[in-house]
Amino acid sequence: MSIRPILLLTTVLLFAEGRLMAYQEEGSFGTIDPDAPARPASGYPDVKPAEPSKDLPQKPLRQEAPAQEPSKPQSRPKYRDYYEQASKSQKSYNDENSVSLSLGLGFGFNYFQGSLGVGVPVNRYTVWGVGGNYFRRDDDKESEVKSGGDLSLILRLPNPTPIIPFISGGPGFESWKRAKDESNGKGVVVFHQDDSPTLNWSVGASLRLARYVALVGALKSTTYTDRPPRQFDGDHSKRELRTNERFELGFAFIF
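A quick note: this is a predicted structure, and the numbers were derived from the prediction, not measured. (Residues numbered from 1 in each chain as written. Predicted model: local features only at pLDDT ≥ 70, side-chain atom pairs only at ≥ 80, totals over all residues. Heavy atoms only, no water.)

**Topic: the overall build of the protein chain**
1) Next: Assigned secondary structure in the protein chain consists of two helices and eight strands.
2) Next: The linear arrangement of helices and strands in the protein chain, starting from the amino end, is α-α-β-β-β-β-β-β-β-β.
3) Next: Here the protein chain, with 255 residues, has 24% of them falling under the buried criterion.
4) Next: When contacts within the protein chain are restricted to residue pairs at least 6 apart in sequence, long-range pairs at least 24 apart make up 54% of them.
5) Next: With the model as given, the accessible surface of the protein chain reaches about 19,700 Å², and the carbon-plus-sulfur share is 59%. (Helix = DSSP H or I, 4+ residues; strand = E, 2+ residues; numbered from the N terminus. Buried < 20%, exposed > 50% of the residue type's maximum accessible area, 1.4 Å probe, protein only. Contact = heavy atoms within 4.5 Å. Areas by Shrake-Rupley, 256 points an atom, 1.4 Å probe, with all protein chains shown as cover.)

Here's what the structure looks like:
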């Protein structure tokens, strides 16, 4: 095989590669460098990015919101402030400095009972109470008269409603006289007359009906520290229970 065709073909390829890598464009100032940035051909103006119109509303740049401190949970008002607020709204009548006078009455076909008490406030939660009571019962066969008094410390729970719960306790004193018709021709005979110190407690609530009037209901308990009264039945040798519990309902007047 002759080498001349090969040399001729090589020369043509080298010449074509040189023309492709370096050619001169019409109107240009030289060859194009493959690594140079492209630019518009001659005869075309430079294109600049359009400026935003002043008539159109401009979108504000996004600004980061200032960091906010974590909110602290609001503390609940103190019970004292809560009570004062209720007092100002006249739901509890703001009577922590008022002396109270309570009156209880009960009666039936053959009995009558009454109680009288005075409360002197120490503060809005505490009251010193002094009270007295009287009871009388008469029927065909039996009769009884009982009276006494007590000194108590009353703890009350003020709240924004007209109902105020309370609890009280303290010492007291009670005396009694019991008589019965023994059917022996002597008529009604007193078979036991005595007295005893007592311990008293009560729990209940007062319902405010008006500015100066309240309805008071309480479960009361009286414990005889000495010997309790003798029973009506039999030969009167047995005695009543040492602790006596009862429910009382009455009115209180606040001055």
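Now that the structure is up, let's keep going.
**Let's talk about the confidence of the model for the protein chain**
1) Next: In the predicted model, the protein chain carries a mean pLDDT of 77, and 60% of its residues have values of at least 70.
2) Next: Contacts for the low-pLDDT stretch residues 22–29, under 50 throughout, to residues beyond four places or in other chains number five contacts. (pLDDT = per-residue confidence, 0-100.)

**Remarks on the pattern of salt bridges**
1) Next: By the definition in use, this model includes eight salt bridges.
2) Next: Here Arg136 and Asp138 are joined by a salt bridge, their closest N and O atoms 3.0 Å apart.
3) Next: What makes Arg136 partly exposed here is its relative accessible area of 36%.
4) Next: Assessed through its relative accessible area of 35%, Asp138 is described here as partly exposed.
5) Next: With a closest N to O distance of 3.5 Å, Arg137 and Glu142 form a salt bridge.
6) Next: Look at Arg137 and you get buried, because its relative accessible area is 17%.
7) Next: One network of salt bridges, with partners in common, ties together Arg137, Asp139, Glu142, Glu144, Arg178 and Glu240. (Salt bridge = Lys/Arg side-chain N within 4 Å of Asp/Glu carboxyl O.)

**Re the packing of aromatic side chains**
1) Next: One pass over the structure, following the stated rule, counts three aromatic pairs.
2) Next: Judged by centre distance (5.7 Å) and plane angle (75 degrees), the ring pair of Trp176 and Tyr224 falls under edge-to-face. Of this pair, Trp176 sits in strand E5 (residues 163–181) while Tyr224 is found in strand E7 (residues 213–224), placing the two residues 48 residues apart along the sequence.
3) Next: The exposure class of Trp176 is buried, given its relative accessible area of 2%.
4) Next: In this structure Tyr224 comes out as buried when scored by relative accessible area, which is 5%. (Phe/Tyr/Trp six-rings, centres within 6.5 Å; stacked < 30°, edge-to-face > 60°.)

**Notes on the sheet that holds strand E8 (residues 243–254)**
1) Next: Around the barrel, eight strands lie side by side as E1-E2-E3-E4-E5-E6-E7-E8; this closed barrel has antiparallel pairing. Averaged over all pairs of adjacent strands, the angle between their axes in this sheet comes to 25 degrees, without regard to strand direction.
2) Next: In this structure, strand E4 (residues 142–156) lies alongside E5, joined through 13 bridges in antiparallel fashion. By the bridge assignment for E5, Ser147 is matched with Ser175. (Pairing = 2+ DSSP bridges. Axes fitted to C-alpha atoms, helices over the stretch in contact; angles between N-to-C directions.)

**Digging into the pairing of E7**
1) Next: In terms of strand pairing, strand E6 (residues 188–208) meets E7 through 11 bridges, oriented antiparallel. In the strand pairing of E7, Trp201 is matched with Ser221.
2) Next: Counting the residues in the hairpin turn of E6 and E7 gives four residues.
3) Next: As judged from the 11 bridges shared by E7 and E8, these two strands associate in the antiparallel manner. In the strand pairing of E8, Gly217 is matched with Leu249.

**Re the environment of Leu241**
1) Next: Tracing the chain through its elements places Leu241 in the loop between E7 and E8.
2) Next: What makes Leu241 exposed here is its relative accessible area of 68%.
3) Next: Considering only alpha carbons, one finds Leu241 and Tyr224, 17 residues apart in sequence, at a separation of 8.8 Å.
4) Next: Excluding its chain neighbours within four sequence positions, the residues that come into contact with Leu241 are Tyr224 and Pro228.

**Considering unusual backbone geometry**
1) Next: Unlike most non-glycine residues, His236 shows phi in positive territory, near 65 degrees.
2) Next: The exposure class of His236 is buried, given its relative accessible area of 7%.

**Some thoughts on the pairing of strand E2 (residues 111–121)**
1) Next: For strand E1 (residues 100–107) and E2, the ladder comprises eight bridges, and the chain directions are antiparallel. In the strand pairing of E2, Gly104 is matched with Ser115.
2) Next: Here E1 hands over to E2 after three residues, the two strands then running antiparallel side by side.
3) Next: As paired strands, E2 and strand E3 (residues 126–138) are joined by 11 bridges and run antiparallel to one another. Bridged to Leu116 within E3 is Gly132.
4) Next: In this structure, the hairpin formed by E2 and E3 is closed by a connection of four residues.

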